[in-house]
Structure formats: C-alpha cells, structure tokens
Amino acid sequence: MDTSIYNEIHDFLLNGELPAIEQKRRKIRRMAPNYRLKDNRLFYTGPSMQSMRLVVMSEEEKKSVLMECHNNPGTGNHNGVRGTRNRVVAGYYWPTLNQDIAEWVRCCHRCQMNDPIKTVAPTLHPIKVKEPWEVLGMDLIGPLPETRLGNRYVLTMTDLYTKWVIAEPLKSKTAAEVSAVMTSKLYMFGMVRKIITDQGKEFVNQVKFVKVLVVP
Ligand SMILES: [Zn+2]
C-alpha cells in the first residue's frame, strides 16, 4: 500500500516540512486539518475532530488490525463484513479499508465454514420432510487452504428434519471421493429417501454408489 501521502502529512504536522512539488504542497495543506499527531503517530480525526483513528501505515499493521477486528475472540469474533468494518472504523483508518475488509472476510477460513448460505441445502421449492434422516442436503465447501493432512474440501450432509449436520474433510471433490464418504455415512446411519444438492447434474450422475443406497 502506498502511504507516502500520510508520511508527508506526518512530517508537515511534526515540523511544517512540505514537499518541493507545489501540487503536493497544496494537497497536504488541504488534508492536514483532518489529521492529528499523538505520540508521533498520525491519527485521522475528520474535519470536526470528533474521531481519533490511527492511520495504518503498513501491510503488516493492516493485517494485525484485521486480525484484531475480525479473528480475535472478544474483539472480532468473525462478525461478518459489516461488523468487522464497524470495529475497524472505530479505531483505524486507511484508504482501501472497505475492499480490504471484504476480501479478508471472504477469504476467512472459519467464516467460509460457517457461512449459512453454503451449509444449508439450497431449496427452490419447500421440501416436505416428515421424519429424521429422510431427506439430506448435500454440499461441498471449498477449495479451502490445505490442511496438514492434505484436505481442501468439506462435505456436509444436513438432515433437513433435525438440521443435524455431518461434516467430513475431503482431499478433492471428485465423485469417487464424495461417493466413498457418503456411502460410509449412509451405511452408518441408514438409508434416506432423497438427497438434495446444488452440484451439477454431471456430478450427481457420477455419484453412483449413493444412488443405489437411496430408497426412491
Ligand atoms: Zn472469519
């Protein structure tokens, strides 16, 4: 990130130093009233001097702010884009914070795992479910950052009656690997009437073992 303008505002507020280029001098004079120095750090206060937001000056610092405001339990707690942004803007400032927060949350492993859109079976029409383990929603989440054991996907099977979820790690999302996991779960917990998924038709046709087990 380019923070040169903030370094220049910092120097101007500290000792009145201005760069040689006239256009830049004007810009810094115009921006400076919105900033304040404290303990030799630059803060964004806004024209009304109401806020006191630390100007984030490096990628490293930006990362630690995002960790604090999104990942840390207590201060962030994976509170979505809006929740994270509210925390960031309360104490920090940098020009690309909106894009950076959206990207950070989008790439957050834990948020992907918990994203309700991805873990609940997509339904276009209401599905009538009368008893537990009758209809399952199947979903594949990923690719995610590779785990120590080489897993990159998560297969979820949701019982639409009880909302009970089984999640199993997968190395790939090939029909063979998915079939193997689903088959073992169906052997363990019993057959179901229907499995609902938003995976493509081609994929569904390949999951042959499961088809045999599903009671029509
Ligand atoms: Zn998160």
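Fair warning: this is a prediction, and the values are worked out from it, not measured in the lab.

A.B. asks: Honestly, the overall build of the protein in this entry has me stumped. Any pointers?
C.D. replies: When its secondary structure is counted, the protein shows ten helices and eight strands. Residues classed as buried in the protein amount to 38% of the 216 residues present. Contacts in the protein between residues far apart in sequence, at least 24 positions, make up 45% of those at least 6 positions apart. Surface accessibility of the protein: about 13,400 Å² in total, with carbon and sulfur atoms responsible for 55%.

A.B. asks: I tried to follow the environment of Ala180 on my own but got confused; where do I start?
C.D. replies: With respect to the helices, strands and loops of the structure, Ala180 is situated in helix α8 (residues 175–189). Separated by 27 residues in the primary sequence, Ala180 and Val207 place their C-alpha atoms 9.0 Å from one another.

A.B. asks: Whenever I open this one, the coordination of the zinc ion confuses me. Can you help?
C.D. replies: For a metal with four tetrahedral donors the ideal donor-metal-donor angle is 109.5 degrees, while six octahedral donors give ideal angles of 90 or 180 degrees. The protein atoms that coordinate the zinc ion are His70 (NE2), His78 (ND1), Cys108 (SG) and Cys111 (SG), at distances spanning 2.0 to 2.2 Å. Seen from the zinc ion, its four donor atoms lie at angles of 100 to 119°, and the figure they make is tetrahedral. Of note, the donors binding the zinc ion are all from one chain and are spaced H-x7-H-x29-C-x2-C. Of this pair, His70 sits in helix α3 (residues 59–71) while Cys111 sits in helix α6 (residues 109–114); the two residues are 41 residues apart in sequence, bridging distant segments of the chain. Across this residue pair, the class does not change: His70 and Cys111 are buried.

A.B. asks: Help me out: how do you make sense of the packing of aromatic side chains in this one?
C.D. replies: By convention here, two paired aromatic rings are described through the distance between centres and the angle between planes. Scanning all chains against the criterion turns up eight aromatic pairs. An angle of 50° between the planes, with centres 5.9 Å apart, marks the rings of Trp133 and Trp164 as tilted. With Trp133 in the loop between α7 (116–119) and β5 (135–141) and Trp164 in the loop between β6 (153–159) and β7 (165–170), this residue pair connects regions lying 31 residues apart in the sequence. Given a relative accessible area of 12%, Trp133 falls into the buried group. On the basis of relative accessible area, Trp164 is assigned to the partly exposed category, the value being 40%. Pairwise contacts between aromatic rings join Tyr6, Tyr35, Tyr44 and Tyr93 into one cluster.

A.B. asks: What exactly am I supposed to notice about unusual backbone geometry here?
C.D. replies: The phi angle of most residues is negative, glycine excepted, and most peptide bonds adopt the trans form. A cis amide bond links Gly142 with the next residue in sequence, Pro143, at an omega value of 5°. Position of Pro143 among the secondary structure elements: in the loop between β5 and β6. Even without being glycine, Asp39 reaches a positive phi, approximately 50°. Its location among the elements puts Asp39 in the loop between β1 (35–38) and β2 (41–44). Phi is positive for Asn40, close to 65°, though the residue is something other than glycine. As for its position among the elements, Asn40 is in the loop between β1 and β2. Given a relative accessible area of 48%, Asn40 falls into the partly exposed group.

A.B. asks: Looking at this model, I keep getting lost on the pairing of β6. Mind explaining?
C.D. replies: Strand residues, when the strand is regular, have side chains that alternate between the two faces of the sheet. Most of β6 is tucked away, with seven of its seven residues classed as buried. What you see with β6 is no split at all: Tyr153, Leu155, Met157 and Asp159 on one side and Val154, Thr156 and Thr158 on the other are buried throughout. Strand direction decides the pairing type here: β5 and β6, joined by six bridges, are antiparallel. Bridge pairing in β6 links Gly137 to Thr158. Relative to β7, β6 is paired through six bridges, and the arrangement is antiparallel. Looking across to β7, one finds that Thr158 is bridged to Val165. From the end of β6 to the start of β7, which pair antiparallel, there are five residues, and Lys163 there has a positive phi angle of about 65°.

The rules behind these values
Residues numbered from 1 in each chain as written. Predicted model: local features only at pLDDT ≥ 70, side-chain atom pairs only at ≥ 80, totals over all residues. Heavy atoms only, no water. Helix = DSSP H or I, 4+ residues; strand = E, 2+ residues; numbered from the N terminus. Buried < 20%, exposed > 50% of the residue type's maximum accessible area, 1.4 Å probe, protein only. Contact = heavy atoms within 4.5 Å. Areas by Shrake-Rupley, 256 points an atom, 1.4 Å probe, with all protein chains shown as cover. Donors = N, O, S within 2.8 Å, 3.2 Å for Na, K, Ca; no water. Tetrahedral: all angles 85-135°; square planar, octahedral: opposite > 155°, others 65-115°. Phe/Tyr/Trp six-rings, centres within 6.5 Å; stacked < 30°, edge-to-face > 60°. Pairing = 2+ DSSP bridges.

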